[in-house]
Amino acid sequence: MIKIVLFESANDTSGTTIEAKVGQSLMKAAVGANIEGVAADCGGTLTCATCHVMVREPWLSQLPAMTDDEDGMLDFAACARHANSRLSCQIKLTEGMDGMQVDLPASQY
Ligand code: FES
């Protein structure tokens, strides 16, 4: 198991730490931990963009490049995308992501 820290807003300085299995997606880990800021309406089929997150460095640079499909779907995210925006259903967790810090958008709708 690894730990991921999710921040609900700029005012959330401590974040919420969840435990996640290596190999599962960040989205599945967040939904399994009842993180309300990750809706994931499509269940990970890359058709909803309600699993939008912003990944902090240094973890962002360690992620595989996003696919064209992820890039295109991010344009439909409810909150404006940022340079560090990703869809959490497309992030497969690895041991190297232990401690990863992720910001949640203000809304997924
Ligand atoms: S869960 Fe729908 S695009 Fe990620």
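Basis of the calculations
- Residues numbered from 1 in each chain as written.
- Predicted model: local features only at pLDDT ≥ 70, side-chain atom pairs only at ≥ 80, totals over all residues.
- Helix = DSSP H or I, 4+ residues; strand = E, 2+ residues; numbered from the N terminus.
- Buried ≥ 20, exposed ≤ 12 C-beta atoms within 10 Å, placed from the backbone.
- Pairing = 2+ DSSP bridges.
- Axes fitted to C-alpha atoms, helices over the stretch in contact; angles between N-to-C directions.
- Core = buried A, V, L, I, M, F, W, Y, C linked by C-beta atoms within 7 Å.
- Contact = placed C-beta atoms within 7 Å.

Colleague: Tell me what's going on with unusual backbone geometry, and back it up with residues and numbers.
Modeller: Of note, the bond from E57 into P58 is cis; its omega dihedral lies within 30 degrees of zero at 10°. Looking at the secondary structure, you find P58 in the loop between β3 (52–55) and α2 (59–62). You will see that A40, though not glycine, has its phi angle at about 55°, which is positive. Inspection of the secondary structure puts A40 in the loop between α1 (26–32) and β3.

Colleague: Residue-level account of the environment of E36, with values.
Modeller: Inspection of the secondary structure puts E36 in the loop between α1 and β3. Assessed through the 10 C-beta atoms surrounding it within 10 Å, E36 is described here as exposed. C-alpha of E36 to C-alpha of E8: the two residues are 28 residues apart in sequence and 9.2 Å apart in space.

Colleague: Which residues make up the sheet that holds strand β1 (residues 2–7), and what values go with them?
Modeller: Ordered in space as β2-β1-β5-β3-β4, the five strands form an open sheet in which the pairing is mixed. The open sheet terminates on both sides in strands that have one partner only, identified here as β2 (16–20) and β4 (85–87). Adjacent strand axes in the sheet meet at a mean angle of 40°, parallel and antiparallel pairs treated alike. Sheet topology places β3 next to β4; three bridges connect them, and they run antiparallel. The partner of V53 across the bridge, within β4, is R86.

Colleague: With reference to specific residues and values, describe the pairing of strand β5 (residues 100–103).
Modeller: Alignment of β1 against β5, held across four bridges, turns out to be parallel. Bridge assignment links V5 to a residue of β5, and that residue is Q101. Pairing between β3 and β5: two bridges, direction antiparallel. Pairing of V55 across the sheet is with V102, part of β5.

Colleague: I'd like to hear about the nonpolar core, residue by residue, with values.
Modeller: Counting residues in each nonpolar core, the largest one holds 24 residues, and the members touching the most others are I4, L26, M27, A30 and V38. Breaking this core down by element, the ones donating at least two residues are β1, α1, β3 and β5. Ranked by residues supplied to this core, first place goes to α1 with four residues. If sequence neighbours within four positions are ignored, V38 has contacts with M27, A30, V31, C51, S88 and L104.

Honestly, it's all geometry; don't read function into it.
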